[in-house]
Amino acid sequence: MTKTNWFAIAIFLFSLLAAPASLAADDPVAGAGEMAQIDINSADAAAIAAALDGVGLVKAQEIVAYREMFGAFKTVDELMEVKGIGPGTLERNRDRIVLESE
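The structure contained in this document is the topic of the report that follows.

The rules behind the values
Residues numbered from 1 in each chain as written. Predicted model: local features only at pLDDT ≥ 70, side-chain atom pairs only at ≥ 80, totals over all residues. Heavy atoms only, no water. Salt bridge = Lys/Arg side-chain N within 4 Å of Asp/Glu carboxyl O. Helix = DSSP H or I, 4+ residues; strand = E, 2+ residues; numbered from the N terminus. Buried < 20%, exposed > 50% of the residue type's maximum accessible area, 1.4 Å probe, protein only. Expected span 1.5 Å × (residues − 1). Arc of directions from axis to C-beta. Contact = heavy atoms within 4.5 Å. Lys, Arg positive; Asp, Glu negative; His and termini not counted. Core = buried A, V, L, I, M, F, W, Y, C linked by side-chain atoms within 4.5 Å. Phe/Tyr/Trp six-rings, centres within 6.5 Å; stacked < 30°, edge-to-face > 60°.

**Quick notes on the pattern of salt bridges**
Here the structure, examined in full by the defined rule, presents three salt bridges. Here Arg92 and Asp53 are joined by a salt bridge, their closest N and O atoms 3.1 Å apart. Here Arg92 is found in helix H4 (residues 87-93), whereas its partner Asp53 is found in the loop between helix H2 (45-51) and helix H3 (57-70), with 39 residues between them in sequence. Here Asp53 falls in the partly exposed class, since its relative accessible area comes to 36%. One network of salt bridges, in which partners are shared, links Asp77, Glu91 and Arg94.

**What about H3?**
Look at H3: 20 Å from first C-alpha to last across 14 residues, which is about the 20 Å you get at 1.5 Å a residue. Listed as buried for H3 are Ala60, Ile63, Val64, Tyr66 and Arg67. Along the long axis of H3, the arc covered by the buried residues comes to 160°, so they all point the same way. Across H3 from its buried face, at more than 90 degrees, point the exposed residues Val58, Glu68 and Met69. On its buried face, H3 sits against H2. Two residues or fewer past H3, Gly71 is found with a positive phi of approximately 90°.

**A short note on the side chain of Glu78**
With respect to the helices, strands and loops of the structure, Glu78 is situated in the loop between H3 and H4. We note that Glu78 is buried and unpaired, the nearest opposite charge coming from Lys74 at a distance of 5.3 Å. Excluding residues that lie within four positions of it along the chain, Glu78 makes contacts with Tyr66, Ala72 and Phe73.

**Remarks on the nonpolar core**
Within the largest apolar cluster, 19 residues are counted, with the highest numbers of intra-cluster contacts made by Ile48, Ile63 and Leu79. Those elements that place two or more of their residues in this core are H2 and H3. Take this core: its biggest share by element is four residues, from H3.

**Brief notes about the packing of aromatic side chains**
Applying the stated rule across the entire model yields two aromatic pairs. Aromatic pair Tyr66 and Phe70: ring centres 4.6 Å apart, planes at 45°, arrangement tilted. In this pair, Tyr66 and Phe70 both sit in helix H3, four residues apart, roughly one turn of the helix. Plain terms: the ring middles of Tyr66 and Phe73 are 5.3 Å apart, the flat faces sit at 20° to each other, and that makes the pair stacked. Of the residues examined, Phe73 reaches a relative accessible area of 3% and is grouped as buried. Ring pairs connect the aromatic residues Tyr66, Phe70 and Phe73, which therefore count as one cluster.

So, in structure tokens, the structure goes:
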């Protein structure tokens, strides 16, 4: 093999080793078609933002602030009381949200 072929093989192998963790075979969510669920009554803003579609850190902080002000969410629909959470966002995420007590 030439130096060029060895170099190409080395680059290819390195790219396999450096693949993101979400592509790992032991990741229970990757490729399984399952959605990660999040307990919005106990999760912090960063976790909520990471788990919910269309919810960034600012909206997630609003969710946490609402929870701290009014207590644990009793229903998923109560999320629409949070500034920035509308029906579309709620429906996209309904299956990802679980409600457990704090």
